[in-house]
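Residues per chain are reported as follows:
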Amino acid sequence: MTQRAEIESEGPEPGGGGPGIAAGTAIDAGAELDPVHPMRPPAPRFRPGGLTTAEVAEHVARGAVNDVPVRSSRATTEIVRANVFTRFNAIIGVLWVIMLFVAPIQDSLFGFVIIANTGIGIIQELRAKKTLDGLAVIGEAKPSVRRDGRTAEISTSEIVLGDVIELGPGDKVVVDGTVGEAEGLEIDESLLTGEADPVLKKPGDPVMSGSFVVAGGGAFTATKVGREAYAAQLAEEASRFTLVHSELRSGISTILKYVTWMMIPTSIGLVISQLIVKDNNLKDAIARTVGGIVPMIPEGLVLLTSVAFAIGVIRLGRKQCLVQELPAIEGLARVDVVCLDKTGTLTEGGMDVTECRPLGGADTSYVKKVLGALGESDPRPNASLQAIIDAYPDSAEWRCTESLPFSSARKYSGASFSEGDGENNTWLLGAPDVLLPSGDPALDEIDTLNEQGLRVLLLGRAARELDDPAVATGVRPTALIVLEQRLRPDAADTLRYFDDQDVKAKVISGDNAVSVGAVAGKLGLPGAENTVDARKLPTTQAEMAEVLDQNSVFGRVTPQQKRDMVAALQSKGHTVAMTGDGVNDVLALKDADIGVSMGSGSEATRAVAQIVLLNNSFSTLPSVVAEGRRVIGNITRVATLFLVKTVYSVLLAVLVVCSQVEYPFLPRHLTLLSTLTIGIPAFFLALAPNTERAKPNFVKRVMRYAIPGGAIAAVATFVTYLLARHHYTGPDALQAETSAATLTLFLTSMWVLAIIARPYTWWRVVLVGAMGLAFLIVLVVPWLQDFFQLKLDGAQMPWTAVAVAAAAAALIEFVFRWVGRRFPV
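Residues numbered from 1 in each chain as written. Predicted model: local features only at pLDDT ≥ 70, side-chain atom pairs only at ≥ 80, totals over all residues. Heavy atoms only, no water.

Visitor: Is there a simple way to think about the sheet that holds strand S8 (residues 321-323) in this case?
Guide: Strands pair in a sheet through their backbones, by hydrogen bonds, and they do so in one of two ways: parallel or antiparallel. If you walk across this open sheet you meet the 8 strands as S8-S21-S20-S19-S9-S16-S18-S17, and the pairing is mixed. Single-partner strands in this sheet number two, and they are S8 and strand S17 (531-533). Taking each pair of neighbouring strands and ignoring which way they run, the sheet shows an average axis angle of 20°. As paired strands, S8 and strand S21 (residues 611-613) are joined by 3 bridges and run antiparallel to one another. Directly across from valine 323, in S21, lies its bridge partner isoleucine 611. Relative to the sheet, helix H18 (residues 559-571) contacts strand S9 (337-340), strand S16 (504-508), strand S18 (553-555) and strand S19 (576-580), its axis offset from that of S19 by approximately 160°. (Pairing = 2+ DSSP bridges. Helix = DSSP H or I, 4+ residues; strand = E, 2+ residues; numbered from the N terminus. Axes fitted to C-alpha atoms, helices over the stretch in contact; angles between N-to-C directions. Contact = heavy atoms within 4.5 Å.)

Here's what the structure looks like:
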């Protein structure tokens, strides 16, 4: 399973070869013309030192650059188009143009409101885009590319055809290419092919963009860049930025679909009835018809949802949290299980060697030489090996003849050395309970250390060759290396937050289960004392799900098991978030409902995660959860306001059509009511703090209140209108009737607002009071009376309107409470 290139430096290859690799080792990756496409230029061959600066400039000049943009947000034109060219904006736009010709400007105010709302939506989303794009640049992967014989990190968009790109554990393959150097190089292509087993790559083998390295290292030549690369072709079909898989968005779309179906027949009936009733005044008939149609449209609901999401992105961006897909804000708010990888999440990436214990009388100085040589043999050490390198720098002039990089699946690494005195030995370094048989005396000592939360590695002399699949069999233990992990100072508070919010935390790690449990116990994780060794987990999904529900700490978990554990939890109806930073977390991150990666994590984890914590702070997660809950909870609240208006507008239109009377309202009246009872309050309520846990069934939760609330408001308003029609006579009767009906509808809608605004805080009371005061000012200021054609005539009918509204408000209060008990969601 291993391979090592033993090449001595003989000077740079002509035309760009670098030091350390012989000129004669260049691998021809396809220098001859393609027989199928003879006009296609030959594929670039592998050149160890990479391209020269002049060659790079030549490739850039002819466009052979990896110019596919990695989009973390929609393009500006898409944002404008999505906010402007909507179905309801089209309807309102047509009605607005009509009203500009047939009625005073007061009746066209709804058009200006829509322009303002749409502008706000575009501005907020553009601000969110700026935040997203700026953070995406910070978190962008920068592959190591060889040019002019030197290695440097560059942006993926600067890679050109023929570039030599280095690979190490956790690196993502960013363009298609052909392997030129391989040292135990294992590539996971599961994100492309669905096959979870890593593929061993040798020189001459192809690699595809979108795959990632799980073990070993090497280098490859870029043979396809830009839109020709495999992953880029897939990305053309599905952009990273998406608004799908969001219950909130899909629920609103469902509601709007039903609203459209209701609007069409109701509007037709209203048009016909008003033309018949007002056969002698066409302009007034059109104005009142439009006044009946416009309030049926909950246009502000879509806008407010976009604004709430956009502001959420901006707020999280200030905390160095990159939200790669907007629904992730909503998704994490719905999470009830969060799976945490210990290393890099609960603990910091670095470790410290606290002790080296020789076993079986091994010489301490010799053990340190072995450890130093092992560190030197791996060009890309993980955190454990880096701690060993720091503690025991290489001091022996040993030659490494073969190496085996660390893999999460096998839990160990190794190397073979020619030790200078004619001695040749193979050494393994890894998990003691994997390298030693059960019952070995050394394991008792290790268990004691694990119970203290320490990490223990075993150094052992292998009895077999390194490329033997059974190399771990018969290992002779030589020393124990004790490592202390640095706990994240914020981890305990974050775990406590999740526990308070009834979100179950599951620690899933590849380390020893007892050691993981000890670390979790130090951080106060409930159930940390009950640890499970993943090697003993049931294989069936149902049985695994039961064990996962009952326990919180799991050790010796393989990458494939992490994926299976996420699927098992999801099968029990859980919404699962997975956090991680290592390449062994990629499969689980991809399959989880929400994947959260650390900014310092591997390229592969950042690529598949929906949320990237650029500051590497686990404590940012509560902010993401809180932001999601704020968005979902508040949109659910204000959606009721919008849909109550839609329901009462449709029912009022139906009652008017059936009664063959004039529609009581002009557009100016309902613009005023919508602004005071919905528009302004909804904007503030949508951005208010809200810690209520997100609940499913958005449509049912909203409509169970909107339908009865709207129906009561419509009936109360129509009753007042009919009473006023019998009370008033004369040429100004219609204005007096409209004023009375408007008063009832305003007071009823205000009571719905008062219910939605609960629980009250000082600013909510001020908000509701200010809306009532604004309407009172309209009723008493003469020029506002004329502008809105609202003037209460006499005392009897206005007080009757107030009494009807009071009865309706009492009925709404009763019905809302009854619905909450009778139809819990």
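Visitor: For this particular structure, what's the right way to read the confidence of the model for the chain?
Guide: Low pLDDT means the predicted atomic positions in that stretch should not be read closely. In the predicted model, the chain carries a mean pLDDT of 81, and 89% of its residues have values of at least 70. When the elements of the chain are averaged for pLDDT, helix H6 (residues 230-237) gives the smallest value, 52, and helix H25 (residues 762-780) the largest, 94. Every residue in residues 1-40 is under pLDDT 50, and counting partners more than four places away or in other chains gives 79 contacts. A low-confidence stretch, residues 235-244 (pLDDT under 50), is modelled with 24 contacts involving residues beyond four sequence positions or located in other chains. (pLDDT = per-residue confidence, 0-100.)

Visitor: What is the right way to look at empty space enclosed by the protein in this model?
Guide: By rolling a water-sized probe across the atoms, one finds the places where empty space is left. Under the definition given, this model contains 4 cavities of 30 Å³ or more. The computed volume of the largest cavity comes to approximately 130 Å³. At the level of elements, strand S7 (212-224), helix H11 (364-377), strand S11 (399-404) and strand S12 (412-418) are the ones that each hand at least two residues to the lining of the largest cavity. In terms of residue class, the lining of the largest cavity is built from 7 nonpolar, 6 polar and 3 charged. (1 Å grid on protein atoms, 1.4 Å probe; cavity = no way out; pocket = protein on both sides within 12 Å on 5 of 7 lines; lining within 4 Å. Points joined across faces, edges and corners; volume = space filled by probe spheres on them. Nonpolar A, V, L, I, M, F, W, Y, C, P; charged D, E, K, R; others polar.)

Visitor: Looking at this structure, I do not really get the pairing of S16. What am I missing?
Guide: Strand residues, when the strand is regular, have side chains that alternate between the two faces of the sheet. Burial of S16 is extensive: 4 of the 5 residues sit out of reach of the surface. Of the strand pairs in this sheet, S9 and S16 are connected by 4 bridges, and their pairing is parallel. Each bridged residue has a counterpart across the sheet, and for cysteine 339 the counterpart in S16 is lysine 506. Where S16 meets S18, 2 bridges bridge the pair, whose relative direction is parallel. Residue pairing for S18: isoleucine 508 is matched across the bridge by phenylalanine 554. (Buried < 20%, exposed > 50% of the residue type's maximum accessible area, 1.4 Å probe, protein only.)

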